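# Tertiary structure, described
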Amino acid sequence: MPSAANYLGSAAYWTERVRSEGEGDEQGFDWLLPSDNTGFKSFISDAVKDAATRTAATPRVLHLGPGSSRLSLWMHDLVDDPRHVVHFDFAESAKELGERWERECWPEAAERRMRWMTGDLLELPSVLSISQRLESTERAEGGEVSSPILFDVLVDKGTLDAISCVEALAPQGDLVERIKTFAPDMPAKLIKEPIYSSLMVALNLATISRPGAAWVMLSYGGTRFDAFAARVRSETPRSLEELASRLWRLEVRRELEEDAKEITDENGVTSKTKAYHWLYLLRRTDVPF
Ligand SMILES: C[S@@+](CC[C@H](N)C(=O)[O-])C[C@H]1O[C@@H](n2cnc3c(N)ncnc32)[C@H](O)[C@@H]1O
């Protein structure tokens, strides 16, 4: 678990923060860019359209850390069936706020609502439970469920950025077992070494992502996932980063163009500034994990 000193790794911190963001005028709060930013929204829609060509069913979308962003509500109509959209956040208040907003916007849609769940992206059992909980709910609703439920598109606006600030963690329990099964020749010492928290999330999410799934991300950082672009050479992965690079491939990393803003200084001189926001698309390979 992250150290108690690192508040960004604390569910209690996020629960309180998201609760206060949802108060007042109830517009919520957006990290990085407003939720109506067309550049990021079309990046997401394109990934969903592409996913629809890869599966006969309605694509399944997982929103990582919705917080109090209204992007969640826009996602209601992203696919034919809102029940195929899952919002997953550390903060209980994100779930409460999202569920309330959705009821207010679609008061008649009782049986076709998006799913709102809480849990920790850094914990494999928590991530696996997204799929398991969904399966039980859909069975209880009388649906035909093919197990395990896997996601086609993962959406992340600023969440991995926040998680990246959490100190490095060593894989534990179920994740260690999975790594051993995947790479039996990998030395135990390497498996138990602390890794970047973003890498931990990538390993965990690989377990519930369909081969070919897209993880679309808006980030303030332009240097993420270099390792995922590298060509893999060795038979046995020599690090957990190399292992993760077999599960995810970096397909897109580009700056969001419409991010240029005009500012006028005290002398009346107008210039354009560029904020540093980046779009990423990671593609899940067909390597099982
Ligand atoms: C930087 S905010 C981004 C919120 C929203 N996506 C936006 O664009 O405004 C990060 C969100 O991720 C959630 N979060 C942080 N760490 C998490 C974790 N380990 N597992 C699940 N959610 C987490 C927080 O509760 C928060 O809602």
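Recorded in UniProt under Sequence similarities (unreviewed entry), the annotation for the protein chain is "Belongs to the methyltransferase superfamily."

The next point concerns the nonpolar core. By size, the foremost hydrophobic cluster in this structure holds 61 residues, and its most contacted members are Val 61, Val 153, Leu 154 and Val 216. The greatest single-element share of this core, amounting to seven residues, is contributed by helix H9 (residues 197-206). Excluding residues that lie within four positions of it along the chain, Leu 154 makes contacts with Leu 62, Leu 64, Leu 205, Ser 209, Ala 213 and Trp 215. Counting residues in hydrophobic clusters, the runner-up holds six residues, among them Val 18, Phe 90, Ala 91 and Ala 94.

Turning to the site of the ligand, a few remarks are in order. Close to the ligand lie 20 residues; Trp 14, Gly 65, Gly 67, Phe 90 and Lys 157 are nearest. Secondary-structure elements contributing two or more residues to the shell around the ligand are helix H1 (11-21) and helix H6 (159-164). When residues of the shell around the ligand are assigned to their parent elements, the largest contribution, three residues, is made by H6. Taken together, the residues that form the shell around the ligand break down as 11 nonpolar, five polar and four charged.

Let us look at H9. The element H9 is extensively covered by neighbouring structure, given that 10 of its 10 residues are classed as buried. Of the positions making up H9, those classed as buried are Ser 197, Ser 198, Leu 199, Met 200, Val 201, Ala 202, Leu 203, Asn 204, Leu 205 and Ala 206.

As a further point, take the packing of H1 against helix H4 (residues 92-105). Their axes nearest at 7 Å, the elements H1 and H4 cross at an angle of 30 degrees. In this view, H1 runs roughly parallel relative to H4, as classed from their interaxial angle. Here H1 contributes Thr 15, Val 18 and Arg 19 to the contact with H4, which in turn contributes Glu 92, Ser 93, Ala 94 and Leu 97. Along the lines of polarity and charge, the residues of the contact of H1 with H4 split into three nonpolar, two polar and two charged.

The strand order S3-S2-S1-S4-S5-S9-S6 describes an open sheet built from seven strands, whose pairing is mixed. With one partner strand each, in any of the chains shown, strand S3 (115-118) and strand S6 (248-255) form the two edges of the open sheet. The mean angle between the axes of side-by-side strands here comes to 20 degrees, regardless of whether they run parallel or antiparallel. The pairing of S6 with strand S9 (residues 278-284) spans seven bridges and is classified as antiparallel. Along S9, the bridge assignment pairs Trp 248 with Arg 284.

Moving on, we get to the environment of Glu 257. When you line up the elements, Glu 257 lands in the loop between S6 and strand S7 (260-264). In this structure the C-alpha to C-alpha distance between Glu 257 and His 277, which are 20 residues apart in sequence, comes to 9.0 Å.

About the criteria used
Residues numbered from 1 in each chain as written. Predicted model: local features only at pLDDT ≥ 70, side-chain atom pairs only at ≥ 80, totals over all residues. UniProt positions renumbered as here; feature names shortened; annotations may be inferred. Core = buried A, V, L, I, M, F, W, Y, C linked by C-beta atoms within 7 Å. Buried ≥ 20, exposed ≤ 12 C-beta atoms within 10 Å, placed from the backbone. Helix = DSSP H or I, 4+ residues; strand = E, 2+ residues; numbered from the N terminus. Contact = placed C-beta atoms within 7 Å. Near = placed C-beta within 6 Å. Nonpolar A, V, L, I, M, F, W, Y, C, P; charged D, E, K, R; others polar. Axes fitted to C-alpha atoms, helices over the stretch in contact; angles between N-to-C directions. Parallel < 35°, antiparallel > 145°, perpendicular 65-115°, else oblique. Pairing = 2+ DSSP bridges.

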